[in-house]
Amino acid sequence: MSGMIYLDYCATTPVDPKVREAMQYSLEAGYGNPSSMHSAGREAARLIDKSRCQVADGIGCEPEEIIFTSGATEADNLALLGVLRSKLPEKTHLITSAIEHHAVLHTAQQLEREGYAVTYLPVNSMGLVDPGTVREAIRPETALISIMMVNNEMGAIEPIEQIGRIAREAGVLMHTDAVQAVGLLDVQVNKLNVDMLSLSAHKIYGPKGIGALYVRKNTRLSPLIYGGPQERSLRPGTENVPGIVGLGTALELVTEHKPEEYQRLKRVRDQLIVGLNNCIPGILINGPEVEAAPHIVSASFPHGDAEAMLLRLNFAGLAVSMGSACNSKSIEPSHVLSSMGLGREHIESTLRISTGYPTTEAEIERFLMLIAEIYQASRIDYELS
Ligand SMILES: Cc1ncc(COP(=O)(O)O)c(C=O)c1O
């Protein structure tokens, strides 16, 4: 992939060399089973403990409140199914939003099949949930509210702090999927007023297949699978030691660089938006102007064919995405952009450009030059057809 300009950091990120180094050590020196009492096992257990502290420091909680999972999909499943299935019989209602990742939406649909009630809150044309609608949706039987912190398709930052406060006042548990926020925004759980938070290593320069769920002390939760005593029996099975080490190291590194990287990527986003507005007349930037994550730009090109543009960009050595990566295999138009009121033609002309720590201004310049050419070429094809 050398020479490729990668602008798809929301889909996944490359592994930081320091993360790779820490994982390599764990593979060599931490091969023991963390449950074993001999020194090989104890070294593996020590590495897990260290990583648990790194993750806890990154989000401002106690190490015992972290449960390692196979990724954010599992963390989201554990939060929703775990709470609803362990609640008192009268607590049968979940509140979520229409723009959640499928890891939440499809889990909510499973809960509906099991007989639970789910409210899917709408968003406005900017993709924002109105905290007032959350307050109105709460019923005596509401067990949990789950609203994502940053949307992975268009970057809206949802008002989690406010929604968390509403949940707390009502005595309802609050979960947030913070996958796209962890590397760049403040995700201190007490400030956010959340009881549970999902995160994933591969979005923050760590390995794939590992994530975590923060669960506030004394929160009742049922496991999804049954087995040994690992992760307080909430996620049994011999631990993925190299993955856990990778997650801890990655979270420590992004936490250290967050303030500068937030500002730098904000400037890169401005450069991208100004450039797109200059070279593509009528281009639409989806999502809020202010409450926007610095690393995501969703842009709709008038009468553009996103798939054709993506393929031409790829041919020229540039990686971007159509809608979200998880949706690129689906023929359904994005549920996120539809919920914001965008029509099918609009959605099918949308590209998502997402930047990361390695992104440079020169890469954005190159992208702008190429996209202008590719868009012009596709417009000529459109006018001739
Ligand atoms: C907001 C959000 N939630 C959940 C996930 C799923 O994460 P994982 O790949 O770790 O299962 C993703 C991945 O795209 C995401 O962007």
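Residues numbered from 1 in each chain as written. Predicted model: local features only at pLDDT ≥ 70, side-chain atom pairs only at ≥ 80, totals over all residues. Heavy atoms only, no water.

The element strand S3 (residues 93–97) is extensively covered by neighbouring structure, given that five of its five residues are classed as buried. Residues His93, Ile95 and Ser97 of S3 are buried on one face, and the alternating residues Leu94 and Thr96, pointing to the opposite face, are buried as well. As paired strands, S3 and strand S4 (residues 117–121) are joined by five bridges and run parallel to one another. Within the sheet, the bridge partner assigned to Ile95 lies in S4 and is Thr119. In terms of handedness, the path from S3 via helix H4 (residues 102–113) over to S4 forms a crossover that is right-handed. For S3 and strand S5 (residues 142–146), the ladder comprises four bridges, and the chain directions are parallel. (Buried < 20%, exposed > 50% of the residue type's maximum accessible area, 1.4 Å probe, protein only. Helix = DSSP H or I, 4+ residues; strand = E, 2+ residues; numbered from the N terminus. Pairing = 2+ DSSP bridges. Right-handed = clockwise from strand over helix to strand, strands pointing away.)

The strand order across the open sheet formed by seven strands is S2-S8-S7-S6-S5-S3-S4, and the pairing between neighbours is mixed. Either end of the sheet is taken by a strand with one partner, and the two such strands are strand S2 (66–69) and S4. Each strand of the sheet is rotated relative to its neighbour by a mean of 20°, with strand direction disregarded. (Axes fitted to C-alpha atoms, helices over the stretch in contact; angles between N-to-C directions.)

On to the domain arrangement of the chain, then. Per the domain assignment, the segments making up the chain are domain 1 (5–12 + 258–384) and domain 2 (17–253). Across the boundary between the two partners, domain 1 contributes 32 residues, which contact 31 residues of domain 2. When the two sides are added together, the surface that domain 1 and domain 2 hide from each other amounts to roughly 2,500 Å², 57% of it contributed by carbon and sulfur. Broken down residue by residue, the surface that domain 1 buries against domain 2 is led by Lys258, His335 and Met340, which jointly contribute 22%. (Domains from an automatic or database assignment. Contact = heavy atoms within 4.5 Å. Buried area = accessible area lost by both parts, 1.4 Å probe.)

Looking now at the sheet that holds strand S12 (residues 321–322). The strand order across the open sheet formed by four strands is S9-S10-S13-S12, and the pairing between neighbours is antiparallel. Either end of the sheet is taken by a strand with one partner, and the two such strands are strand S9 (284–286) and S12. Note that strand S10 (residues 296–300) and strand S13 (residues 350–354) share five bridges and pair antiparallel. Looking at S13, one finds that Ser298 is bridged to Arg352. Against the sheet, helix H8 (residues 241–279) makes contact with S9, S10 and S13, and its axis sits at roughly 10° relative to S10, the strand it touches most. Packing against the sheet, helix H9 (residues 306–315) makes contact with S12 and S13, and its axis sits at approximately 40° to S13.

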